[in-house]
Amino acid sequence: MRNYEPNADRVVALYQQLEDDIITAMIRRMMRMGKVSDTTRYQAEILQQAGLLYADVVQIIANRTDACAAAVKALFEDAGVETVSIENDIHKTAEQLPVNIRQSSPMRRVLEAGCRKTQKTLRNLVSTTANTTQQMFCDACDRSYMQVSSGAFSYQEAIRTAVRSLADTGAYVTYPTGHRDRIDVAVRRCTLTGVGQTSAAVSKTYAEETGCHLMELTAHSGARPEHARWQGQLVTLTGEDAGETIDGLHVYTLHEIGYGSGEGFKGWNCRHDWHAYYKGISKPNYTPEQIKKLNEKNISYNGEKYTKYEISQMQRQGERNVRALKRRTLASQAAVENAPDEETKAVLQADYAANAAKLKESEKQLKTFCSQTGQRRDTFREQVNGFGRSTAQKAVHAAKNQLTEWKSNAIIGKTVNAAGSQIYVVNRTVVVKGPPNGITQKVNDKGGVDRNYYDSDGCQTKQISNNSHGHKKESKLGKHGEHKHMYIKNEKGIPIHGEAEELSDSERKENQDIL
């Protein structure tokens with residue numbers, strides 16, 4: 001038997017594009033804040049930028065409203081046509097004439113009502129995004145301001161943390177209950193639930209018009225326990241035959257399968273469907289043995305066996321990882337392009353390169369997973385708005401820079417820091433032509449350890465030392481004289497080391513193995 005499984009990917013992708021545009025708008029506004037140290041100036045600046053961001057988001061939503069509404073309508077139209085086509089094949093066995101949904105007023109009304117309800121819900125949810133985005137922006141700016149003001153973070157580190165947080169958090173919608181969800185999560189749930197409920201209502205209406213009072217429920221692997229008990233069985237629309245066994249199938253009531261409730265059949269995230277079943281004519285589509293095999297672990301991956309459902313969930317997780325890293329990379333790129341100064345730009349550029357390298361590795365892992373398990377790679381689910389060919393090429397280039405093995409006769413070994421990042425152990429330090437986006441480590445003249453950080457061009461941006469070098473000024477910093485020097489390029493482009501500074505909390509955590 002054919003089953004209709006609605007695919008909301010194209011609808012979700014449009015709303016994901018909206019989300020990506022909102023994230024980019026937030027980061028651009030944050031970069032325009034610049035480095036504001038005075039509290040009064042900061043408060044005035046954040047109010048202005050938050051107000052402008054609100055207007056940005058309202059316009060972004062308006063620009064995409066028509067396309068989103070058209071995509072939802074198209075999905076419902078497809079659901080209606082496909083559902084009736086499947087039901088026609090079933091009703092034909094009972095010598096019923098096929099129908100055309102465009103000519104059936106009752107079924108057409110059901111379809112249009114479902115579409116209008118879903119579009120209204122989506123509009124109401126997305127309309128809350130401007131307010132939640134404005135609040136997220138203010139919260140992120142306030143965190144950065146407090147981190148810098150307290151001395152726990154440098155301005156560059158605070159901005160890098162904020163950019164990453166905004167990319168990971170994304171844009172939210174708020175339900176009337178106060179519950180929040182990511183836009184893509186809310187849209188997928190709302191659309192699939194709406195389409196599923198409407199297609200089920202169309203099938204029910206068709207059966208009622210032909211006088212068929214039984215429906216056969218579909219079955220799938222990974223069904224939640226309360227649904228697994230009735231999947232593959234029958235349900236009565238009128239109460240007739242309730243509790244009976246027909247063709248080896250138990251007959252449930254609509255109430256027993258939870259029809260009309262959020263937890264039951266066609267409720268939240270329910271993938272089950274039903275089709276007309278004629279007593280004395282139709283034949284069961286599932287045997288008890290087939291239903292048992294639905295959860296059989298018969299797909300191999302890395303030496304373990306998994307069910308089809310488990311494998312699909314693992315693939316979805318891999319796709320979410322790729323998309324999250326694409327969003328991070330895109331957010332980092334927006335931050336680099338709008339950085340207020342060269343020092344901040346260098347820090348953000350290093351983050352961009354690191355994200356690009358992680359993205360390429362994540363894509364490679366997903367490709368390997370699909371190859372091993374025989375799954376078709378669904379690149380549509382991995383898409384991110386703005387991450388086109390040129391952005392992808394930039395990411396590949398940045399990833400190559402990040403992953404390229406640095407060659408130097410100064411290398412005497414390798415190690416890793418507390419964060420797991422690779423470090424080259426060297427016998428001399430260079431300020432240029434160092435490892436792109438890399439770190440070197442050298443034992444200094446006083447027996448301490450110096451760690452040197454480099455940007456994508458191999459120019460030094462920072463040095464962290466776990467001792468004072470015997471200098472009086474540095475000995476007053478940290479617990480044991482540990483400190484850092486930031487490097488700023490002079491007019492000739494040569495990195496020059498600045499005054500000694502305290503380490504931030506994040507720098508301490510990253511280098512706790514030598515402190």
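Coordinates for the structure precede this section.
Quantities reported herein were computed from a predicted structural model and do not represent experimental measurements. (Residues numbered from 1 in each chain as written. Predicted model: local features only at pLDDT ≥ 70, side-chain atom pairs only at ≥ 80, totals over all residues. Heavy atoms only, no water.)

(A) Local environment of the nonpolar core. Core analysis: the biggest nonpolar cluster contains 84 residues, and I27, M30, F137 and W274 have the highest contact counts within it. Sorting elements by how many residues they give to this core places helix 2 (residues 39–92) first, with 16 residues. If sequence neighbours within four positions are ignored, F137 has contacts with M26, R29, M30, M33, I46, Q49, A50 and L53. In terms of nonpolar packing, the next biggest core, distinct from the first, is built from nine residues, I299, V322, L359 and L366 among them. (Core = buried A, V, L, I, M, F, W, Y, C linked by side-chain atoms within 4.5 Å. Buried < 20%, exposed > 50% of the residue type's maximum accessible area, 1.4 Å probe, protein only. Helix = DSSP H or I, 4+ residues; strand = E, 2+ residues; numbered from the N terminus. Contact = heavy atoms within 4.5 Å.)

(B) Structural detail: the pattern of salt bridges. Across all of its chains, the model carries 21 salt bridges by this definition. Residues R189 and D181 are paired through a salt bridge, measuring 2.7 Å at the closest nitrogen-oxygen approach. Judged by relative accessible area, which is 25%, R189 ranks as partly exposed. Classification of D181 by relative accessible area gives buried; the value is 10%. Across the pair K204 and E208 runs a salt bridge, and its minimum N-O distance is 2.8 Å. Taken together, the residues K204 and E208, both in helix 6 (residues 183–210) and four residues apart, mark about one turn of the helix. If you follow the salt bridges from partner to partner, you end up with E157, K462, K484 and E507 in one network. (Salt bridge = Lys/Arg side-chain N within 4 Å of Asp/Glu carboxyl O.)

(C) A look at the pairing of strand 10 (residues 411–416). Two strands pair when backbone bridges link them, and strand 10 and strand 11 (residues 422–426) are joined in this way by five bridges, in the antiparallel orientation. Bridging across to strand 11, T415 finds its partner in I423. Linking two consecutive strands that pair antiparallel, namely strand 10 and strand 11, is a turn of five residues; a positive phi of about 90° is found at G420 within it. (Pairing = 2+ DSSP bridges.)

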